[in-house]
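Each chain is listed here by its residues.
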Amino acid sequence: MTETGTYRVKRGLADMLKGGVIMDVVNADQARIAEDAGAVAVMALERVPSDIRRDGGVARMSDPEMIQGIQAAVTIPVMAKVRIGHFAEAQVIQSLDVDYIDESEVLTPADEAHHIDKWGFDVPFVCGATNLGEALRRISEGACMIRSKGEAGTGNVVEAVRHLRSILGDIRRITQADSAELFEWAKVLQAPHGLVAELAETGTLPVPMFCAGGLATPADASLVMQLGAQAVFVGSGIFKSDDPAVRAKAIVEATTHYQDPSIVAKVSTGLGPAMPGIEINTIPENERYASRGW
Amino acid sequence: MCSGCKAQHENIEWSSNGSVTLRVRKPEHLSGIDAIVLPGGESTTMSMLLESSTLFDPIAGLLNEGLPAFGTCAGMILLSAKVLDGRSDQRNFDSIDVTVQRNGYGRQLASFEADLNVEGLDAPFRSVFIRAPKVVAVGADVEVLATVTAADGTEAPALCRNGPVMVSSFHPELTDDPRLHELWLAQ
């Protein structure tokens, strides 16, 4: 008797991606470059975040034909993004036999109050979070992987660091709380008490936590891995750089050997310019993707 | 090892024999080890990192000398004699005479868990298959310790052993059941 779509099976794939790099790609050629470089998975999307930021307009799920082209081009897992709350897009993506769905703030939200009820799907979901409360709410909705959001499309790692520190710092603080304080934590975080209590017991989220949003260099990958991320997503940082194939491989090696500065130095040598990047303060509040999600 | 489930393997209790585990990332980490686990992950990534970390040839040498090895999922692919649907530049150690098909059970939506009867264990073993490799042929000297019946009704070997080398299509590291690690080390 075999069972598909169980929580253990959905979460299991996230476990397999730990220590790796998941790369944003917009076509089959980029997907092949990513696989050649050692990506553990690719994220299929129509435009990388920095282009969405530049072009504006409503960003939606990708054309199924483009996703299928990427599935045919590589043997590693293929993920795809849907808009926050857009369960019909998620149904479409699941029907394409995609390996993971990212309910992503990089696309324009479809629902201003609700995220997708992810328990109703057999395909696993990853969701972004800027703080622990957001992470626990997504987990309570059935997310099997959390990624700290950062600020996608900026090439600036500062927001990723802020979100990672916020989530992991609060986890550390909760492990010191007594049982009465856990109720207060649940209230402050707006998260289920059961998950908060479990966290206090185990000292870790019940699902893997990866890092995304603004990573552009091998040293960025090493930084967030040392802070406690279990894997990294790199979007615009690779294919908006001067030499994507070399940079992609360098970031993979830096993620594996994040504790070894001499290897990070070696792979950082002669990479050519990273994407130019954006100072966060220059982005108006209402144009920051990280603030999307509830 | 390079990617995937190394931590889960370490979390499995090795209480029965007091073993200590360490993570192999560089050739110098190989000195003095008595056995190696090649965990789950993406086999294409692991193969590339084994090369770039200059680990492939030293590990191949140790395996040839009889180093006990347990490969799960992607680790099974690496230890196999022949890999179908792999990348052309993907290398494998050829340590056990099995032929595997990558993602042979399908993509993530076809991933599954099941109770398997394992030769040498009294009770079934909960086995989690994630985009798992399918064993499509085994050599005469390979013992098949467990088989699985896939959704399409076909049966395939899921756990194989030849002397000190054991391989599984599934992930014993995703459950907290140490019996397969014990079975392997008892050999």
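Residues numbered from 1 in each chain as written. Chains lettered and ligands numbered in written order. Predicted model: local features only at pLDDT ≥ 70, side-chain atom pairs only at ≥ 80, totals over all residues. Heavy atoms only, no water.

Engineer: When you look at the overall build of chain B in this model, what are you seeing that I'm missing?
Structural biologist: The helix and strand tally for chain B stands at five helices and 10 strands. Looking at chain B as a whole, 56% of its 187 residues qualify as buried. The contacts in chain B between residues at least 6 apart in sequence include a share of 62% that link residues at least 24 apart. Put simply, chain B shows about 7,200 Å² of open surface, and 46% of that area lies on carbon and sulfur atoms. (Helix = DSSP H or I, 4+ residues; strand = E, 2+ residues; numbered from the N terminus. Buried < 20%, exposed > 50% of the residue type's maximum accessible area, 1.4 Å probe, protein only. Contact = heavy atoms within 4.5 Å. Areas by Shrake-Rupley, 256 points an atom, 1.4 Å probe, with all protein chains shown as cover.)

Engineer: Would you mind showing me how to read the pairing of strand β6 (residues 125–129) of chain A here?
Structural biologist: Residue and element names in this part refer to chain A. Here β6 lies mainly inside the structure; five of its five residues are buried. Bridge count between β6 and strand β7 (residues 145–148): four bridges; the pairing is parallel. Residue pairing across strands places Cys127 opposite Ile146, the latter belonging to β7. Tracing the backbone out of β6, into helix α6 (residues 132–140) and back to the parallel element β7 gives a crossover that is right-handed. (Pairing = 2+ DSSP bridges. Right-handed = clockwise from strand over helix to strand, strands pointing away.)

Engineer: What is the right way to look at the interface of chain A and chain B in this model?
Structural biologist: Interface extent is often summarised as the accessible area lost during association of the parts. Across the contact, 42 residues belong to chain A and 38 residues belong to chain B. Between chain A and chain B, a total of about 3,300 Å² is buried, with carbon and sulfur atoms accounting for 53% of that surface. On the chain A side of the contact with chain B, Arg8, Met16 and Thr75 of chain A bury the most area, a combined 21% of that side's loss. Scanning the region where chain A abuts chain B turns up seven salt bridges. At the level of secondary structure, the elements contributing two or more residues to the side of chain A that touches chain B comprise β1 (2–4), α1 (7–16), α2 (28–37) and α12 (244–256) of chain A. Ranked by the residues each element gives to the side of chain A that touches chain B, the list is headed by α1 of chain A, at eight residues. The residue makeup of the side of chain A that touches chain B, split by class, is 15 nonpolar, 13 polar and 14 charged. (Buried area = accessible area lost by both parts, 1.4 Å probe. Salt bridge = Lys/Arg side-chain N within 4 Å of Asp/Glu carboxyl O. Nonpolar A, V, L, I, M, F, W, Y, C, P; charged D, E, K, R; others polar.)

Engineer: Just to check I follow, could you spell out the packing of aromatic side chains for this structure?
Structural biologist: Inspection of the entire model under this criterion finds 10 aromatic pairs over all chains. Relative to Phe112 of chain B, the ring of Tyr105 of chain B lies with its centre 5.6 Å away and its plane at 70 degrees, an arrangement referred to as edge-to-face. Judged by relative accessible area, which is 12%, Tyr105 of chain B ranks as buried. Every member of this aromatic cluster is reached through a ring pair, and the members are Tyr105, Phe112, Phe125, Phe129 and Phe170 of chain B. Seen from the ring of Tyr289 of chain A, Arg53 of chain A lies directly overhead, with NZ or CZ sitting 4.2 Å from the centre. (Phe/Tyr/Trp six-rings, centres within 6.5 Å; stacked < 30°, edge-to-face > 60°. Lys NZ or Arg CZ within 6 Å of the ring centre and 35° of its normal.)

Engineer: Looking at this model, I keep getting lost on the sheet that holds strand β6 (residues 125–129) of chain B. Mind explaining?
Structural biologist: The strands that make up a sheet pair up through hydrogen bonds in the backbone, lying either parallel or antiparallel. Pairing in this open sheet of three strands is antiparallel, and the strands run β1(A)-β5(B)-β6(B) from one edge to the other. Each having just a single partner strand, β1 of chain A together with β6 of chain B make up the two edges of the open sheet. Across this sheet, the average inter-strand angle for adjacent strands is 20 degrees, counted without regard to direction. Here three bridges tie β1 of chain A to strand β5 (residues 112–116) of chain B, and the two strands are oriented antiparallel to one another. The residue of β5 of chain B that forms the bridge with Thr4 of chain A is Phe112 of chain B. (Axes fitted to C-alpha atoms, helices over the stretch in contact; angles between N-to-C directions.)

Engineer: Just checking my understanding: could you explain the pattern of salt bridges for this structure?
Structural biologist: Any two side chains of opposite charge can pair if their charged atoms end up close together. Scanning the entire structure with this criterion turns up 36 salt bridges over all chains. In this structure, the salt-bridge partner of Glu35 of chain A is Arg87 of chain B, at a minimum N-O distance of 3.1 Å. Taken as a pair, Glu35 of chain A in helix α2 and Arg87 of chain B in the loop between β3 (80–84) and β4 (96–101) lie in two separate chains rather than in one. When its relative accessible area of 5% is taken as the criterion, Glu35 of chain A is described as buried. Under the relative-accessibility criterion, Arg87 of chain B is labelled buried at 18%. Salt-bridge contacts for Arg91 of chain B lead to Glu51 of chain B; the nearest nitrogen and oxygen are separated by 2.6 Å. Here Arg91 of chain B is found in the loop between β3 and β4, whereas its partner Glu51 of chain B is found in helix α2 (residues 43–52), with 40 residues between them in sequence. You can call Arg91 of chain B partly exposed: its relative accessible area is 32%. Using a relative accessible area of 33% as the deciding quantity, one classes Glu51 of chain B as partly exposed.

Engineer: How should the packing of helix α8 (residues 179–189) of chain A against helix α9 (residues 193–202) of chain A be read in this particular structure?
Structural biologist: When two helices pack together, their arrangement is captured by the angle between the axes and the distance separating the axes. Residues and elements named next belong to chain A. Following both chains from N to C, one finds α8 and α9 inclined at 125 degrees, their axes separated by 9 Å at the closest point. The orientation of α8 with respect to α9, classified from their angle, is oblique. The element α8 and its partner α9 pack so that their crossing is right-handed. Taking contact as the criterion, the partners of Leu182, Phe183, Trp185, Ala186 and Leu189 in α8 are, on α9, His193, Val196, Ala197 and Ala200. Residues belonging to the contact of α8 with α9 are distributed by class as follows: eight nonpolar, one polar and no charged. (Parallel < 35°, antiparallel > 145°, perpendicular 65-115°, else oblique. Left-handed = near helix turned anticlockwise from the far one by under 90°.)

Engineer: Help me understand the sheet that holds β4 of chain B, please; the structure alone is not making it clear to me.
Structural biologist: Residues and elements named next belong to chain B. Pairing is mixed across the open sheet formed by three strands, whose spatial order is β3-β4-β7. At either end of the open sheet lies a strand with only one pairing partner, and these are β3 and β7 (134–138). Averaged over all pairs of adjacent strands, the angle between their axes in this sheet comes to 30 degrees, without regard to strand direction. Pairing between β3 and β4: four bridges, direction parallel. Bridged to Val83 within β4 is Val100.

These values are about where atoms sit, not about what they do.
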